[in-house]
Amino acid sequence: MSPTGRPAGKSGSAAPASSPHIIAIANQKGGVGKTTTAINLATALAVLGYRVLLIDLDPQGNASTGLGIDYANRRAGSYALMAEDRTVNDLACDTQIPSLSLIPSDNELAGAEIELVDMERREYRLAEVLSPAEAPLAYDFILIDCPPSLGLLTLNALVAAQSVLVPLQCEFFALEGVSQLIRTIERVRRAFNLTLRLQGLVLTMFDRRNNLSELVAADARSFFGDQVFETVIPRNIRISEAQSHGKPAHLYDPKSSGAQAYDRLAEELVMRTRADPPRAARS
Ligand code: ADP
Ligand code: MG
């Protein structure tokens, strides 16, 4: 990632605006911590000073609800973005975190898997709006919260992204399905998106008191080596409480082990993507 940090839309500056780093958060298993990671990692990156956009691509809309936008208050969102040629700037809404914007899941997204099938360039709908030809979007990171399947919505996310972050729940069968996901990433890379890579795997809901958590973590590390993030997200009730209050853990209880783990994960991600320091730290 090259230097970023100019305000949105400002023209006439010497350096060209750089493109956002687009990360799909995917795992076809449900309940592994995708949405929780999307909300809290996006928040932690924004708190570090980066300009972040979170796109809720799951028809269940848990990332939208978890950031305080409940079902009844949803306007046009990620469905309109992919199916109705609306722009990111048009659809992004503010959140309780100053430099975090959200494109919520809208109520029509549930039908999108089927409707997209008949659309032109159906695999590229999201890629095209996230990398507009005119000028890059004014974000440092765009995180995409994927649904628990490898259908057309997730495919759109993988075609739009530069990398894939895979949450792994420290539970029985955690690694089951990961090789299928990795094969899918390979196929998408060959067919649609040559620059796609695995960003890494994140161990979630780690429970110190449970031997199984240690076993899953050791297994994942012996199999995937340093593709597994060093930061481990603990099982922490404050994380799920925060979601039910429509807040990221960082706002609900910044001192909780969960919020602090996501802060560390953001720092590790920045290091791994070698992102430039955010604007505040640069001036
Ligand atoms: P996914 O998006 O993969 O389906 P979620 O992020 O929605 O998974 O997580 C599934 C459930 O587990 C949610 O109820 C969430 O609040 C809870 N959860 C996720 N991560 C943690 C954690 N670290 N500690 C406690 N509960 C968690
Ligand atoms: Mg989810």
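As the structure is a prediction and not an experimental result, all values here were calculated from the model.

*Asks:* Could you give me a rundown of the nonpolar core, with the residues and numbers involved?
*Replies:* Leu 126, Leu 130, Ile 142 and Ile 144 are the most contacted members of the largest nonpolar core, which totals 51 residues. Dropping the residues within four chain positions of it, Ile 144 is found in contact with Ile 22, Ile 23, Ala 24, Ile 25, Ile 55, Leu 57, Leu 126, Leu 130 and Ala 157.

*Asks:* Residues and numbers for the site of ligand 1, please.
*Replies:* In the vicinity of ligand 1 lie 15 residues, with Gly 31, Thr 35, Thr 36, Pro 234 and Asn 236 positioned nearest. Thr 35 places a side-chain nitrogen or oxygen 2.8 Å from an oxygen atom of ligand 1. When ligand 1 sits alone it has 560 Å² of accessible area, and the protein chains cover 80% of it. Those elements giving two or more residues to the shell around ligand 1 turn out to be helix H1 (34-47) and helix H10 (237-244). Class assignment for the residues of the shell around ligand 1 results in 5 nonpolar, 8 polar and 2 charged.

*Asks:* So what about the packing of H1 against helix H12 (residues 257-273)? Which residues, and what values?
*Replies:* Close contact between H1 and H12 brings their axes to 8 Å; oriented N to C, the two are set at 70°. It follows that H1 is roughly perpendicular to H12 by the angle criterion. Each of Thr 36, Thr 37, Asn 40, Leu 41, Ala 44 and Leu 45 in H1 lies in contact with H12, whose residues at this interface are Tyr 262, Asp 263, Leu 265, Ala 266, Leu 269 and Val 270. Residues belonging to the contact of H1 with H12 are distributed by class as follows: 8 nonpolar, 3 polar and 1 charged.

*Asks:* Residue-level account of the pattern of salt bridges, with values.
*Replies:* One pass over the structure, following the stated rule, counts 10 salt bridges. Note that Arg 125 is salt-bridged to Asp 85, the shortest N-O span being 3.6 Å. Of this pair, Arg 125 sits in helix H6 (residues 125-130) while Asp 85 sits in the loop between helix H3 (78-83) and helix H4 (88-91), placing them 40 residues apart in sequence. Counted as one network, the salt bridges with shared partners bring together Arg 238, Glu 241 and Asp 253.

*Asks:* A description of the state of the cysteines should follow, citing residues and the corresponding values.
*Replies:* What is meant by a disulfide is a covalent connection between two cysteines, made through their sulfur atoms. Per the counting criterion, the structure on display carries 0 disulfides. Among the cysteines around Cys 93, which has no disulfide bond, Cys 146 carries the closest sulfur, lying 18 Å off. Residue classification places Cys 93 among the buried residues on the basis of a relative accessible area of 13%.

Cut-offs used in this document
Residues numbered from 1 in each chain as written. Chains lettered and ligands numbered in written order. Predicted model: local features only at pLDDT ≥ 70, side-chain atom pairs only at ≥ 80, totals over all residues. Heavy atoms only, no water. Core = buried A, V, L, I, M, F, W, Y, C linked by side-chain atoms within 4.5 Å. Buried < 20%, exposed > 50% of the residue type's maximum accessible area, 1.4 Å probe, protein only. Contact = heavy atoms within 4.5 Å. Near = heavy atom within 4 Å. Polar contact = N/O pair within 3.5 Å; in protein donor to acceptor, adjacent residues only side chain to side chain. Areas by Shrake-Rupley, 256 points an atom, 1.4 Å probe, with all protein chains shown as cover. Helix = DSSP H or I, 4+ residues; strand = E, 2+ residues; numbered from the N terminus. Nonpolar A, V, L, I, M, F, W, Y, C, P; charged D, E, K, R; others polar. Axes fitted to C-alpha atoms, helices over the stretch in contact; angles between N-to-C directions. Parallel < 35°, antiparallel > 145°, perpendicular 65-115°, else oblique. Salt bridge = Lys/Arg side-chain N within 4 Å of Asp/Glu carboxyl O. Disulfide = S-S within 2.5 Å.

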